[in-house]
Amino acid sequence: MAAPRRRLHGKNAIITGAAGGIGLETTILFAREGANVLMADISVPALEKAIAKVKEVVPTAPRLEIIKCDVSKEADIQAMVESQDSWGGTDVIFNNAGIMHADDADAVDTPEKIWDMTQNINVKGVWFGCKHAVLSMRRHKKTKGSIINTASVVALVGSATPQLAYTASKGAVLAMTRELAIAHAREGLRFNALCPAPLNTPLLQDWLGDDQPKRHRREVHFPTGRFGEAIEQAQAVVFLASDESSFVNGTDFVVDGGMTRAYVTPEGPATVAPQNQGH
Ligand SMILES: NC(=O)c1ccc[n+]([C@@H]2O[C@H](COP(=O)([O-])OP(=O)(O)OC[C@H]3O[C@@H](n4cnc5c(N)ncnc54)[C@H](O)[C@@H]3O)[C@@H](O)[C@H]2O)c1
């Protein structure tokens, strides 16, 4: 990778779902860009593995710590955000943790308990993260702050392979983020929603497994002929977290290789993907 430009120098950041996928790649890029990062996840063993990886890849990382947090529990989120008070308060939070449950299905077959679990983590978790970030930023008299919430392209385009609870949850993240952006704009707090396309992360790839037709059904919709990589999302999050995006607020920030802009996609070999740093 190119030499770091320290675009996040001195910023205190929290990343949820930091043990894998987008969260881990974002932690690596944030650390390279000079941010102090609190890595949060529900899985402590996964966090321990992830922080070791970040330290290996970014030996110059400034402050880097882990914390167990189930984002669906407000007390966990509050403790996570308040633990950064001694760092000088939170400047950036990336509310990224989310689930897509294997039993999530269509209008008829989605179990109610899967619906509730999905909304609790994907929607309420993001709300709690936003709430406690706002309280922290006020407590520390921050004149600017960046909150990035992970939604999905399924909040923008419909799919004939539905996962209704997941899609509904991501639509809620988009609407909530937009409203918060407007409500807090005069406080200097920016809220943007990241909309990733399907990616090569465990969340999707474990679910697709070796089922080639299931995979192809999705891959064909990409103009580039491939799924996205977590690092391609992380690059966008660095921009949204940094002061470079000071006039970017309330957006549905789509990082999808053109998937949601396509009708008929090209044929031929797929483009070459960048390498993730965490694997
Ligand atoms: N992978 C995709 O194709 C894709 C596409 C669009 C959006 N997204 C979204 O991106 C975000 C990150 O996904 P990813 O692909 O990196 O997935 P991932 O499964 O690799 O990582 C998600 C992380 O969240 C953690 N997590 C799960 N439940 C949690 C909870 N209750 N509290 C705290 N942490 C919890 C997991 O332990 C895991 O480390 C999710 O919100 C997901 O919905 C993913």
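Scroll up to find the structure this text is about.
Fair warning: this is a prediction, and the values are worked out from it, not measured in the lab. In this convention, every chain numbers its residues from 1, walking through the sequence in written order. In keeping with the model being predicted, local features are shown solely for residues with a pLDDT of at least 70 and side-chain atom pairs are shown and tallied solely at 80 or more, while totals for entire chains, interfaces and linings include all residues.

A. Representation of the overall build of the chain in the model. Looking only at helices and strands, one finds eight helices and seven strands in the chain. It is over C-alpha atoms that the radius of gyration is taken, and the globule rule equals 2.2 Å times the number of residues to the power 0.38. Against the compact-globule benchmark of 19 Å for 279 residues, the chain has a radius of gyration of 18 Å, which places it among compact chains. Dimensions along the principal axes, computed over C-alpha positions, put the chain at roughly 50 × 45 × 40 Å. Contact between residues is assigned whenever the C-beta positions, reconstructed from backbone atoms, fall within 7 Å. Intrachain contacts of the chain at a sequence separation of at least 6 include 77% that bridge at least 24 residues. Helix and strand definitions follow DSSP, with helices as H or I runs of at least four residues and strands as E runs of at least two, each counted in order from the N terminus.

B. Highlighting the site of the ligand. Taken together, 31 residues are adjacent to the ligand, and Gly17, Gly21, Gly98, Thr201 and Leu203 come closest. For this classification, the nonpolar set comprises Ala, Val, Leu, Ile, Met, Phe, Trp, Tyr, Cys and Pro, the charged set comprises Asp, Glu, Lys and Arg, and every other residue, Gly included, is treated as polar. Of the residues in the shell around the ligand, the class split is 17 nonpolar, twelve polar and two charged. Placing a C-beta atom from the backbone of each residue, we mark the residue near a molecule or strand if the atom is within 6 Å of it.

C. Layout of the sheet that holds strand S6 (residues 189-196). When DSSP locates at least two bridges between a pair of strands, those strands are taken to pair. Taken in spatial order, the seven strands line up as S3-S2-S1-S4-S5-S6-S7 in an open sheet, and their pairing is parallel. Only two strands of the sheet have a single partner each, and these edge strands are strand S3 (64-68) and strand S7 (252-255). Geometrically, the sheet is characterised by an average inter-axis angle of 20 degrees between neighbouring strands, direction not taken into account. Bridge count for S6 against S7 is four bridges, and the pairing is parallel. Under this scheme, a helix contributes an axis fitted over its contacting stretch, all axes are lines through C-alpha atoms, and angles between N-to-C directions fall in the 0 to 180 degree range.

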